[in-house]
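# Coordinate analysis (summary)
Single-letter residue listing:
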Amino acid sequence: MVSALFRVTRPHALVILCGCICLATATVAELWLPAVGAALLDAHTAHAGAGMEAAPPAIDRGLLTLVALISCMAIAKHAGEYCLRLAGERAVSDVRVRLFRGLIASEVVRLDSTPSAALVSVLTSDVEAVHYSLTWHMPRVVRSVCMCLVSAAHMARLSPRLTALGLLAAPLIGLLASLVGRVVKELAKQHQVQLGVAAAVAAEGIASVRCVKAFGREVHVGDQYERAVDEGRRCA
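These remarks concern the structure in this document. As the structure is a computational prediction, the values presented were derived from the model and not from experiment.

### Quick notes on the nonpolar core
Counting eleven residues, the largest nonpolar core consists of Val15, Ile16, Cys20, Leu23, Ala24, Cys83, Leu84, Ala87, Leu134, Val142 and Cys146. Put simply, the parts of the chain that give this core at least two residues each are helix H2 (13-46), helix H3 (57-104) and helix H6 (128-158). In terms of residues, this core owes the most to one element, H2, which gives five residues. Every residue in contact with Ala87, bar those within four places of it in the chain, is listed here: His12, Val15, Ile16 and Leu134.

Here you go:
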């Protein structure tokens, strides 16, 4: 899945890289906010008895730093999300065009054996997985990686032994996450297949609605669609 996503998004690697850098900058700025806020509060508490006219330069610098961090975090976050959303839209458009060209170039026998609704579902809902990965999963991955790196550096500065213990537990957590990810991936694949089957049943029933009503098969078609939906719900 990762290799396929990499191949699809390779033409837009520059936009994705810019988005990841912006999101990493926003995450680092967000992690830096508590330290700046704590320093500002300490400076204010130390000079609480003095008037506003006697405010030390440390408070002014702290306020300016806080405003700059918040502004940088907001701008970088929105810029990163925009870049990833733009790359996702472009990648989805490229995949749809290539997939449609491949379907048109396929053999007629293969196209006849597959319901038209299933083919249309591949071009619409299935391809959206690329867009979903870039706009939903990628920002969270970048944010998690940055938080882990900054937290590990801070822990190493405070207690190298505790940091080493945490790093030893990381491979076990990664192994468990990989096993769970395989199960979830298989369930998601089955769920997508069942959604295509349900869409095909609905399209065929609506397309042949005159025959369905002529033979009084409304209940049968409805039960058939309900079974397809239930199968997809079990895989969700």
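Having put the structure on the table, let's press on.
### Some words on the state of the cysteines
Here the structure, examined in full by the defined rule, presents zero disulfides. Looking at the unpaired Cys22, the closest cysteine sulfur is the one in Cys83, lying at 5.4 Å. The class for Cys22 is partly exposed, based on a relative accessible area of 22%. Sulfur of Cys72: no disulfide; nearest cysteine sulfur belongs to Cys22 and is 9.1 Å away.

### A few points about helix H7 (residues 160-207)
Spacing of three or four residues puts side chains on the same side of an α-helix, whose turn is 3.6 residues. If you check H7, its first and last C-alpha atoms are 68 Å apart, about what 48 residues at 1.5 Å a residue would give, namely 70 Å. Taking the largest bend as the criterion, H7 deviates by roughly 25°, centred on Ala170, and proline Pro171 comes between one and four positions later. For H7, the full list of buried residues reads Thr163, Gly196, Ala198, Ala200, Val201 and Gly205.

### Some details on the pattern of salt bridges
Counted by the stated rule, this structure contains one salt bridge. Arg143 is paired through a salt bridge with Glu30; the nearest N and O atoms lie 2.7 Å apart. Residue Arg143 is found in helix H6, and its partner Glu30 is found in helix H2; the two are separated by 113 residues along the sequence. The class of Arg143 is partly exposed, set by a relative accessible area of 34%. Residue classification places Glu30 among the partly exposed positions, given a relative accessible area of 32%.

Reading guide: rules and limits
- Just so you know, the residues in each chain are numbered from 1, in the order the chain's sequence is written.
- Local features in this predicted model are restricted to residues of pLDDT 70 or higher, and side-chain atom pairs are both shown and tallied only at a pLDDT of 80 or more, whereas totals for entire chains, interfaces and linings draw on every residue.
- Side-chain numbers come from the whole structure's heavy atoms, not from hydrogens or water.
- Buried residues of nine kinds, namely Ala, Val, Leu, Ile, Met, Phe, Trp, Tyr and Cys, make up a nonpolar core once their side-chain atoms join them within 4.5 Å.
- Exposure categories follow from relative accessible area, calculated using a 1.4 Å probe and restricted to protein chains: below 20% of the type maximum is buried, above 50% is exposed, and the middle band is partly exposed.
- Helix and strand definitions here come from DSSP, where helices need a minimum of 4 consecutive H or I residues and strands a minimum of 2 consecutive E residues; each element is numbered from the N-terminal end.
- A contact between two residues is defined here by any heavy atoms of the two lying within 4.5 Å.
- In this description, a disulfide is simply a cysteine sulfur pair whose atoms lie within 2.5 Å.
- To estimate the expected span of a helix, count its residues, drop one, and scale the result by 1.5 Å.
- Fitting one axis to the seven residues ending at a residue and another to the seven starting there, the bend at that residue is the angle between the two axes.
- Put simply, a salt bridge is a Lys or Arg side-chain nitrogen that is within 4 Å of an Asp or Glu carboxyl oxygen.

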